[in-house]
Amino acid sequence: MRFGLFSDVSAGQADDFKAGQKGFASAQTINTFGDYIVEAERLGFYGLFLVEHHFTGNGQVSSSLSVLSYLAGRTTKMRLGTGVVVLPWHNPVLLAEQIATIDQLSHGRFDFGVGKGYRPHEFAGFNMEREEAFERYEDVLAFCRKAWTAEDRFDFHGTHWNFENIVIDPPIYQKPTPPVWIGATSEESVIRAGKGGFNLLLDQIAVPKLLGERIAAFKDAAASVGRELGPQSVCVTRAMHIVSSDEELDEARAHRAKMYDALVKQTGPKWDSFTARESLPTMADTTLTDDEAALVGYPEQIVEKVQILKDAGVDYIGIADFSASQESLRRFANEVMPHFE
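Cut-offs applied
Residues numbered from 1 in each chain as written. Predicted model: local features only at pLDDT ≥ 70, side-chain atom pairs only at ≥ 80, totals over all residues. Heavy atoms only, no water. 1 Å grid on protein atoms, 1.4 Å probe; cavity = no way out; pocket = protein on both sides within 12 Å on 5 of 7 lines; lining within 4 Å. Points joined across faces, edges and corners; volume = space filled by probe spheres on them. Nonpolar A, V, L, I, M, F, W, Y, C, P; charged D, E, K, R; others polar. Pairing = 2+ DSSP bridges. Helix = DSSP H or I, 4+ residues; strand = E, 2+ residues; numbered from the N terminus. Right-handed = clockwise from strand over helix to strand, strands pointing away. Buried < 20%, exposed > 50% of the residue type's maximum accessible area, 1.4 Å probe, protein only. Lys, Arg positive; Asp, Glu negative; His and termini not counted. Salt bridge = Lys/Arg side-chain N within 4 Å of Asp/Glu carboxyl O. Contact = heavy atoms within 4.5 Å.

A word on empty space enclosed by the protein
The full count for this structure, using the stated rule, is two cavities of 30 Å³ or more. Considered as a void within the structure, the second largest cavity measures approximately 30 Å³ in volume. Contributing to the lining of the second largest cavity are D8, V9, L50, V51, V61, S64 and V67. Residue classes in the lining of the second largest cavity are distributed as five nonpolar, one polar and one charged.

Here we look at the pairing of strand β8 (residues 180–183)
Here strand β5 (residues 110–115) pairs with β8 via three bridges, running parallel. Among the inter-strand pairings, F112 is bridged to a residue of β8, identified as V180. Of the strand pairs in this sheet, β8 and strand β9 (residues 199–202) are connected by three bridges, and their pairing is parallel. Bridge assignment links W181 to a residue of β9, and that residue is N199. Regarding the hand of the β-α-β motif, the stretch spanning β8, helix α6 (residues 187–196) and β9 is right-handed.

Quick notes on the layout of surface pockets
Taken as a whole, the second largest pocket spans an internal volume of roughly 220 Å³. Residue lining of the second largest pocket: M1, R2, F3, E41, G44, F45, Y46, K77, M78, M337, F340 and E341, and that is the complete set. Its residues assigned to classes, the lining of the second largest pocket comprises seven nonpolar, one polar and four charged.

What to know about the environment of G197
Of note, G197 is situated in the loop between α6 and β9. Judged by its relative accessible area of 46%, G197 is partly exposed. The spatial distance from the C-alpha of G197 to the C-alpha of R227 is 7.4 Å, given a sequence separation of 30 residues.

Comments concerning the side chain of E52
Here E52 shows up in the loop between β2 (47–50) and α2 (64–74). Among buried Asp, Glu, Lys and Arg side chains, E52 stands out as unpaired, with R119 the closest opposite charge at 11 Å. Not counting residues up to four positions away in its chain, the partners in contact with E52 are S62, S64, V84, V85, V86, W89, H90 and E122.

Below you can see the structure in the form of structure tokens.
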């Protein structure tokens with residue numbers, strides 16, 4: 001079992017971005033995030049996936065690749081990934097060059113997490129039809145894979161992008177390409193990832209039973225094309241908050257419910273298949289006795305929840321820490337991780 005981080009970063013001071021002032025933003029800011037990640041690496045966290053979102057209005061840093069370039073110089077072992085790059089919004093040449101640069105700077109520690117996007121206001125902000133998302137996603141992914149494996153100048157002709165006689169500099173460090181992680185929320189996407197040779201990123205909303213079903217479908221799809229999966233081919237994201245008192249536990253549960261409400265509003269009418277929407281907690285559910293999909297509670301409770309995930313086939317968890325504090329990292333590393341070494 002390996003543990004990593006799933007995070008975002010805010011600009012400004014942490015106190016400026018408390019829930020209720022400018023919406024939900026990370027407790028980590030540009031000024032503190034580097035030290036936070038360096039401490040995570042020291043504690044044995046395996047990797048980082050950094051999100052990409054736009055037009056939030058809460059000071060969130062949208063350029064995750066810029067942050068990862070910085071972290072490539074601050075770290076030596078931790079894998080650095082995107083969770084995810086929303087491919088439809090990017091020029092494929094510029095994206096392939098940026099990622100190759102990070103892969104070089106990190107000496108081959110980059111993980112290429114990709115997705116199609118799901119928030120209506122982001123597509124509207126980019127003046128892009130959501131119905132085009134899959135075509136654009138396929139175009140950019142195909143371009144990057146070709147660009148990184150081409151031995152000479154090449155042409156590319158897709159649905160939305162066409163290039164003649166180009167070459168991508170610098171070359172990619174990892175051969176043939178960095179690992180590609182597909183952010184999947186539907187059975188169709190899970191099966192496509194398994195058959196396509198990709199790794200799998202699963203969301204923090206699905207309950208363990210659904211995760212187990214998706215992981216089994218992924219493994220079956222891979223086996224159907226003769227693919228042998230290595231360890232840590234699937235990363236499951238989980239919200240996490242270690243508490244020290246019942247009062248803190250109630251506050252953590254209330255925060256979790258507010259986060260769900262915010263996500264529902266951001267996602268709009270097309271929830272797709274994260275999980276059954278009617279099963280989500282709401283802001284009224286501030287006395288929830290449990291939330292199957294979150295690692296919230298005392299250390300011993302979190303250990304039990306991680307064991308349930310392990311029994312469902314999970315061997316890599318990306319922690320989305322509510323507090324995003326170094327002390328929280330240390331408690332998790334000292335009180336939870338040793339149970340799964």
